[in-house]
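So you can see what is in the structure, the chains are spelled out below.
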Amino acid sequence: MPDTFTYQDTPPALLPLYGRAILPKKGISGTDISLPKLSAELLCAHTSTDDLSQYERVCGFHPSNHIPITWPHILAFPLHLKLLTEKAFPLPLLGLVHLRNTITQHRAIGTGEALKLHVCLGEQERTSRGIEFGMITTASSAGTVVWEETSTMLFRQSEQQPEPAVKKAPPTLEHYPNTEEMDAPESIGRQYAKVSGDSNPIHMHALSAKVFGFPRAIAHGMWSKAHALAILEQQNEWHSGPVRVSCHFKKPLFLPGTAQLNWRTGKSGWDYQLLNARGDAPHLSGRIEWL
């Protein structure tokens, strides 16, 4: 049975969790790493908080009587951090890379609607890049799941190979018929951190990002996804109703920067991608499917 941490109507405080995040982890070398069965739940998450309007402004969502599709991710973030900073969790938080994110919204969630949030660690998989695992989140209302998310995380561990791997050419980048410019100001990492709680130093300032090997601060991947969805929702062809939005994070978006949101519509769903300013490399790519 998994160890479950239960909170009533207030999530765990972030500051002590970030204090844990900087502590070194022991015994992470080798291939025998096994992730524990951990989970956490918040029995009454308030969807209308003081940060909601600021989150909508920072990400570009229009205020309405329904919360943005990405807002439950923010509400669950303290639970994510709780699991990833537990002593039993063997991997360092600051060494994790967010690879993919898929959100399924079964119906629109009203602003002010109370949710029960549940987060658990999914199955781990060893790949050529290291250990991948899922962070699985569900949001329920009146006993019915209304929203689900899987965030796939990577802890890099290089494989021991007898010969260097042959580097493959990147696939041909397809361009879609619709494009809109998207600005990412230098301060967007700090603005997003203030409303999301995600204060990873690679997003905050150029100086702190350089400590981790980046020439400048980079935009949060979930800000890029949220801002892209905020723009796409405003298109005339956008549909209401149940929807699944997947996303693969690729090249970092350095701050300040400009990107191109590029998409195509279709009967079964939309394909979208966030390209660099020149339009020749993707920051992220994904698909929207109405269910």
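Small disclaimer: the values here were computed from a predicted structure and weren't measured.

1. Here we look at the packing of helix α1 (residues 14-21) against helix α3 (residues 71-84)
Relative to each other, α1 and α3 sit at 35 degrees, their axes nearing to 10 Å. Crossing hand, α1 versus α3: left-handed. Side by side, α1 and α3 meet where Leu14, Leu17, Tyr18 and Arg20 of the first sit next to Phe77, Pro78, Leu81 and Lys82 of the second. Partitioning the contact of α1 with α3 into residue classes produces six nonpolar, no polar and two charged.

2. Points about the pairing of strand β8 (residues 243-249)
In terms of residue burial, β8 counts as a mostly covered element, since five of its seven residues are buried. In this sheet, β8 lies alongside strand β3 (residues 96-105) in antiparallel orientation, the contact comprising six bridges. Note that in β8 the partner of arginine 100 across the bridge is histidine 248. As defined by bridge partners, β8 adjoins strand β11 (residues 282-290) across seven bridges and the pair is classed as antiparallel. Residue pairing in the sheet places cysteine 247 in a bridge with glycine 286 of β11.

3. Examining the packing of aromatic side chains
Tallied over the full model, the rule gives seven aromatic pairs. Note on tyrosine 55 and tryptophan 71: the rings are 5.0 Å apart at their centroids and 50 degrees apart in plane angle, and the pair reads as tilted. Here tyrosine 55 is found in helix α2 (residues 52-59), whereas its partner tryptophan 71 is found in helix α3, with 16 residues between them in sequence. No difference in accessibility class separates tyrosine 55 from tryptophan 71, as the two residues are buried. Each ring, one from tryptophan 238 and one from tryptophan 270, has its centre 5.5 Å from the other, and the planes form 85 degrees; the classification is edge-to-face. Of this pair, tryptophan 238 sits in the loop between α6 (221-232) and β8 while tryptophan 270 sits in strand β10 (residues 269-276), placing them 32 residues apart in sequence. Ring-pair connections join several aromatic residues into one group, and the members of that group are Tyr55, Phe61, Trp71 and Tyr192. Here lysine 82 stacks its cationic end above the ring of phenylalanine 5, 4.6 Å away from the centre of that ring.

4. A look at the packing of α2 against α6
Interhelical geometry of α2 versus α6 gives an angle of 80 degrees and a closest axis separation of 8 Å. Taken together, the axis directions place α2 and α6 in an arrangement best described as roughly perpendicular. Across the interface between the two elements, Tyr55, Val58 and Cys59 from α2 touch Trp223, Ala226, His227 and Ala230 from α6. Here the residues of the contact of α2 with α6 are counted per class, giving six nonpolar, one polar and no charged.

5. Thoughts on the pattern of salt bridges
Evaluation of the coordinates by the stated rule reveals 13 salt bridges. Between arginine 287 and aspartate 271 there is a salt bridge whose closest N-O contact spans 3.0 Å. Placement of arginine 287 in strand β11 and of aspartate 271 in strand β10 is noted, with a sequence separation of 16 residues between them. Using a relative accessible area of 22% as the deciding quantity, one classes arginine 287 as partly exposed. Note on aspartate 271: relative accessible area 16%, which makes it buried. A salt bridge links arginine 287 to glutamate 289; the nearest nitrogen and oxygen atoms lie 4.0 Å apart. For glutamate 289, a relative accessible area of 30% gives the class partly exposed. A network of salt bridges, in which partner residues are shared, links Glu174, Arg264, Asp271, Arg287 and Glu289.

What counts, and at which threshold
Residues numbered from 1 in each chain as written. Predicted model: local features only at pLDDT ≥ 70, side-chain atom pairs only at ≥ 80, totals over all residues. Heavy atoms only, no water. Axes fitted to C-alpha atoms, helices over the stretch in contact; angles between N-to-C directions. Helix = DSSP H or I, 4+ residues; strand = E, 2+ residues; numbered from the N terminus. Left-handed = near helix turned anticlockwise from the far one by under 90°. Contact = heavy atoms within 4.5 Å. Nonpolar A, V, L, I, M, F, W, Y, C, P; charged D, E, K, R; others polar. Buried < 20%, exposed > 50% of the residue type's maximum accessible area, 1.4 Å probe, protein only. Pairing = 2+ DSSP bridges. Phe/Tyr/Trp six-rings, centres within 6.5 Å; stacked < 30°, edge-to-face > 60°. Lys NZ or Arg CZ within 6 Å of the ring centre and 35° of its normal. Parallel < 35°, antiparallel > 145°, perpendicular 65-115°, else oblique. Salt bridge = Lys/Arg side-chain N within 4 Å of Asp/Glu carboxyl O.

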